[in-house]
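Each chain, written out:
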Amino acid sequence: MIHDFLIYFLLIVLIYTIIVMSFNLAVGFTGLVNLGHMVFFGIGAYASALLALSGAPWYLAVPSSALIAALSGAIIAALTVRLKGDYFQIVTLGLVFIAVTLSRNWISLTRGALGLPGVPPIFKDSLHYMIFVMAVFALSVIFFYWLTNSGTGKIFQAIRDDETASSVLGKNTYFYKILSITISTFFAGLAGSLFVHYIKFVDPTIFDLEFFVLILSMLIAGGLASIQGSIAGVFTLGIFVELIRFIDRVPLLSTVLAQHPELIGASRTMVYSVIVIYLLIFRPRGIFGRVEV
Amino acid sequence: MILSLKNVSKTFGGVKAVNKCIFEVEENKITSLIGPNGAGKTTVFNIISGLAEPDSGIIRLGSKNITGLAAHKIAKSGISRTFQLTKVFRNLSVRDNMLIAKKASDDEIKRILKSIYFDKPLDTIASELSYGQQRLLELARALLMPHSLLMLDEPTAGVNPKIRQELKTILRNLRKEGKTVFLIEHDMEFVMDISDTVIVLNEGKVLKVGKPKEIVKDRKVLEAYLGK
Ligand SMILES: Nc1ncnc2c1ncn2[C@@H]1O[C@H](COP(=O)(O)OP(=O)(O)OP(=O)(O)O)[C@@H](O)[C@H]1O
Ligand SMILES: [Mg+2]
């Protein structure tokens, strides 16, 4: 029981960390506040589910779905990264609504609200899967450390700090911003694929904003432009979120929530918002952050 | 001649910031662009470096037409520049700021920094530097980037008087090395001391081009500065 819970917890935390690191690459390292990041997580999940359900082996389904997410990311980036900050955020937020609408109404592909059940697992038992995900996680962490310390990673950060100065130093900022989003959405798609092979199911609720708020909170709590920050942010908030799961069992609160079950979700969101705000008061840059939020 | 502008114009809303501007910058010389506030000097720089697109006119670097090219392509063609309001990469170290300009060894970076009397450690984060030091870092970065033309927008602003004098030596040394320097400057003592040629801009138009001695005596120039 404890054993199962631990595996479940680790799996979720490892997958979330891949999402948050990839989100950090765009937001923290490149200054591209892509509010539609979870759309690419969803694209990875849907693509992987569809491929696996149509008989593709996992070693094809997983990389292909990450590539499909990256390709979508590249196309969206090519169309949007020239927009000034606020407009970029509004347009990428709009992607979420497009994704929800498409996944609900493109019935022949997604089965709409019914979702896609029965996604075959990669490993029969979850311990093996956890080890597999841990390996993917480890490789991702190494990759992100390498990338963010490389010349290309430094150019991303230069663009974040001052795009004009980067361009007069000969950097094609349009290209680098597309590159950053492409890599970022590749890993979001990869995480979506790993997620769907574990949950074995995907439906339009994967695009829920509550999920995005959690990821955003983890990013901010851990700190922008810091890989170890993203890891720390997910683990710290992850523990709280798991505890909050039992919010409806807290005495007194439980009677209120039993009468108003619709408040359970909201109260969870509220609790981790409060944690993030509290954290930011004492550490304005997050746990390990290097740039101001 | 390394740079030439022919009938370059740029309007912002109703404001003619640059109006049929014509001038040339000679190779291996120090040329200063002066003029009252709002004369259009920075806009001219922005047009040359590809940050603003001219409404009309032609800009050539050597024999190459660079009009309307993207900023990064113009930079690669050999124009390096600094800004009136310093643009360092705030969250990057001094070293990383320099490395964005060009791949270079610590020794090469230190040599350039030393030549402009910048003595902070390479690991210092740029936002922790004083404003004057940030200006020097920006200048060092522009020097490190391979270029044939160096354009400086008010290099002495916010820099202490001692370094201001050093700056003259630095620019003269660059000229000795065969570089071309084109600068915007408000400090007239500095301009008259260092320039081979001075271009006076007023209301987006070239009012006068000449040697420093001719400029200080010119009645039109005095009127532009003092108002009629
Ligand atoms: N991006 C812009 N949008 C609108 N107007 C602008 C813009 N840039 C410059 N201007 C206007 O164009 C004119 C020229 O400005 P510019 O900055 O080129 O002058 P300047 O000669 O550099 O002045 P200063 O000595 O104060 O730096 C001014 O009237 C300014 O308000
Ligand atoms: Mg100016």
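Calculation rules
- Residues numbered from 1 in each chain as written.
- Chains lettered and ligands numbered in written order.
- Predicted model: local features only at pLDDT ≥ 70, side-chain atom pairs only at ≥ 80, totals over all residues.
- Heavy atoms only, no water.
- Buried < 20%, exposed > 50% of the residue type's maximum accessible area, 1.4 Å probe, protein only.
- Helix = DSSP H or I, 4+ residues; strand = E, 2+ residues; numbered from the N terminus.
- Pairing = 2+ DSSP bridges.
- Donors = N, O, S within 2.8 Å, 3.2 Å for Na, K, Ca; no water.
- Core = buried A, V, L, I, M, F, W, Y, C linked by side-chain atoms within 4.5 Å.
- Domains from an automatic or database assignment.
- Contact = heavy atoms within 4.5 Å.
- Salt bridge = Lys/Arg side-chain N within 4 Å of Asp/Glu carboxyl O.
- Buried area = accessible area lost by both parts, 1.4 Å probe.
- Polar contact = N/O pair within 3.5 Å; in protein donor to acceptor, adjacent residues only side chain to side chain.
- Nonpolar A, V, L, I, M, F, W, Y, C, P; charged D, E, K, R; others polar.
- Phe/Tyr/Trp six-rings, centres within 6.5 Å; stacked < 30°, edge-to-face > 60°.
- Lys NZ or Arg CZ within 6 Å of the ring centre and 35° of its normal.
- Axes fitted to C-alpha atoms, helices over the stretch in contact; angles between N-to-C directions.

**Re the pairing of strand S7 (residues 149-153) of chain B**
Residues and elements named next belong to chain B.
Here's step 1: The buried fraction of S7 amounts to 5 of the 5 residues, a majority that puts the element mostly inside the structure.
Here's step 2: A two-sided burial pattern is seen for S7, the buried positions comprising Leu149, Met151 and Asp153 on one face and Leu150 and Leu152 on the other.
Here's step 3: For strand S6 (residues 79-81) and S7, the ladder comprises 3 bridges, and the chain directions are parallel. Opposite Arg81, over in S7, you have Met151 as the bridge partner.
Here's step 4: As paired strands, S7 and strand S8 (residues 180-184) are joined by 5 bridges and run parallel to one another.

**Remarks on the coordination of the magnesium ion (ligand 2)**
Residues and elements named next belong to chain B.
Here's step 1: Coordination of the magnesium ion (ligand 2) by the protein comes from Thr42 (OG1) and Gln84 (OE1), over a distance range of 1.9 to 2.2 Å. Of this pair, Thr42 sits in helix H1 (residues 41-48) while Gln84 sits in the loop between S6 and helix H3 (94-101), and the two are 42 residues apart along the sequence.
Here's step 2: The class for Thr42 is partly exposed, based on a relative accessible area of 26%.
Here's step 3: By relative accessible area, Gln84 is classed as partly exposed at 35%.

**Focus: the nonpolar core**
Here's step 1: One finds Tyr16(A), Phe41(A), Leu194(A), Ile215(A), Leu113(B), Leu137(B) and Leu171(B) to be the most contacted residues of the largest nonpolar core, which totals 122 residues.
Here's step 2: Sort the elements by how many residues they give to this core and helix H1 (residues 2-29) of chain A lands first, with 16 residues.
Here's step 3: Two domains each donate at least three residues to this core, and these are domain 1 (2-207) and domain 2 (209-293) of chain A.
Here's step 4: Excluding residues that lie within four positions of it along the chain, Tyr16(A) makes contacts with Phe211(A), Leu214(A), Ile215(A), Met218(A) and Val234(A).

**Some thoughts on the pattern of salt bridges**
Here's step 1: Scanning the model with the defined rule gives 14 salt bridges over all chains in all.
Here's step 2: For the salt bridge of Lys154(A) with Asp96(B), the shortest nitrogen-to-oxygen distance reads 2.9 Å. On the criterion of chain membership, the pair formed by Lys154(A) in helix H7 (residues 151-161) and Asp96(B) in helix H3 is interchain, its members lying in two chains. Across the pair, exposure class does not vary: Lys154(A) and Asp96(B) are buried alike.
Here's step 3: Measuring nitrogen to oxygen at the nearest pair gives 2.9 Å for the salt bridge that ties Asp196(B) to Arg175(B). Of this pair, Asp196(B) sits in the loop between helix H7 (188-194) and strand S9 (197-202) while Arg175(B) sits in helix H6 (residues 161-176); the two residues are 21 residues apart in sequence, bridging distant segments of the chain.
Here's step 4: Bridged by salt links that share partners, the residues Lys168(B), Arg172(B), Glu189(B) and Asp193(B) form one connected network.

**A word on the interface of chain B and chain A**
Here's step 1: Chain B puts 19 residues into the contact, and the matching count from chain A is 18 residues.
Here's step 2: Together, the buried faces of chain B and chain A total about 1600 Å²; carbon and sulfur atoms form 65% of this surface.
Here's step 3: Among the residues of chain B in contact with chain A, His72(B), Asn91(B) and Ile100(B) are the three that bury the most area, contributing 36% of the side total.
Here's step 4: Across the contact surface, chain B and chain A share 7 residue pairs in polar contact (both at pLDDT 80 or more).
Here's step 5: Residue assignment for the side of chain B that touches chain A shows that the elements contributing at least two residues are helix H2 (71-77), S6 and H3 of chain B.
Here's step 6: Ranked by residues supplied to the side of chain B that touches chain A, first place goes to H2(B) with 4 residues.
Here's step 7: Class assignment for the residues of the side of chain B that touches chain A results in 11 nonpolar, 2 polar and 6 charged.

**Remarks on the packing of aromatic side chains**
The relation between two aromatic rings is expressed through the spacing of the ring centres and the mutual angle of the planes.
Here's step 1: This model, assessed by the stated rule, comprises 22 aromatic pairs over all chains.
Here's step 2: Judged by centre distance (5.2 Å) and plane angle (75 degrees), the rings of Phe175(A) and Tyr176(A) are edge-to-face.
Here's step 3: Residue Phe175(A) is classed as partly exposed on the basis of its relative accessible area, which comes to 45%.
Here's step 4: Linked through ring pairs, Trp58(A), Tyr59(A), Phe123(A), Tyr129(A), Phe132(A) and Tyr198(A) together constitute an aromatic cluster.
Here's step 5: Above the ring of Phe89(B), the side-chain terminus of Arg141(B) is found at 4.5 Å from the ring centroid.

**As for the domain arrangement of chain A**
All names here are of chain A.
Here's step 1: Each assigned domain of chain A is listed with its residue range as follows: domain 1 (2-207) and domain 2 (209-293).
Here's step 2: Distance between the C-alpha centres of domain 1 and domain 2: 21 Å.
Here's step 3: Contact between domain 1 and domain 2 buries roughly 2300 Å² in total, counting both sides, with carbon and sulfur atoms accounting for 81%.
Here's step 4: Applying the counting criterion to the domain 1 and domain 2 interface returns 0 salt bridges.
Here's step 5: The tally of links from domain 1 across to domain 2 stands at 6 residue pairs in polar contact (both at pLDDT 80 or more).
Here's step 6: Among the elements of the structure, H1, helix H2 (37-53), helix H4 (85-105), helix H6 (126-149) and H7 are those that each provide at least two residues to the side of domain 1 that touches domain 2.
Here's step 7: Top contributing element to the side of domain 1 that touches domain 2 by residue count: H1, with 15 residues.
Here's step 8: Of the residues in the side of domain 1 that touches domain 2, the class split is 22 nonpolar, 5 polar and 1 charged.

**A word on the sheet that holds strand S1 (residues 3-12) of chain B**
Residue and element names in this part refer to chain B.
Here's step 1: Strand order in the open sheet formed by 4 strands is S2-S1-S4-S5, and the pairing between neighbours is antiparallel. With one partner strand each, in any of the chains shown, strand S2 (15-25) and strand S5 (64-65) form the two edges of the open sheet.
Here's step 2: As defined by bridge partners, S1 adjoins S2 across 7 bridges and the pair is classed as antiparallel. Along S2, the bridge assignment pairs Val8 with Cys21.

**Some thoughts on the sheet that holds S6(B)**
Residue and element names in this part refer to chain B.
Here's step 1: Pairing within the open sheet is mixed, and its 6 strands lie in the order S6-S7-S8-S3-S9-S10. Taken across any chain shown, the strands that pair with only one partner, and hence form the sheet edges, are S6 and strand S10 (205-210). When strand polarity is set aside, the average angle formed by the axes of neighbouring strands in this sheet is 20 degrees.
Here's step 2: Summarising the sheet, strand S3 (residues 30-34) and S9 pair through 4 bridges and their orientation is parallel.

**Description of unusual backbone geometry**
All names here are of chain B.
Here's step 1: Phi at Glu154 takes a positive value of approximately 50 degrees, unusual for a residue other than glycine.
Here's step 2: Overall, the relative accessible area of 8% leaves Glu154 in the buried class.
Here's step 3: Positive phi is not limited to glycine here, since Glu203 has a value of about 50 degrees.
Here's step 4: Secondary-structure assignment places Glu203 in the loop between S9 and S10.

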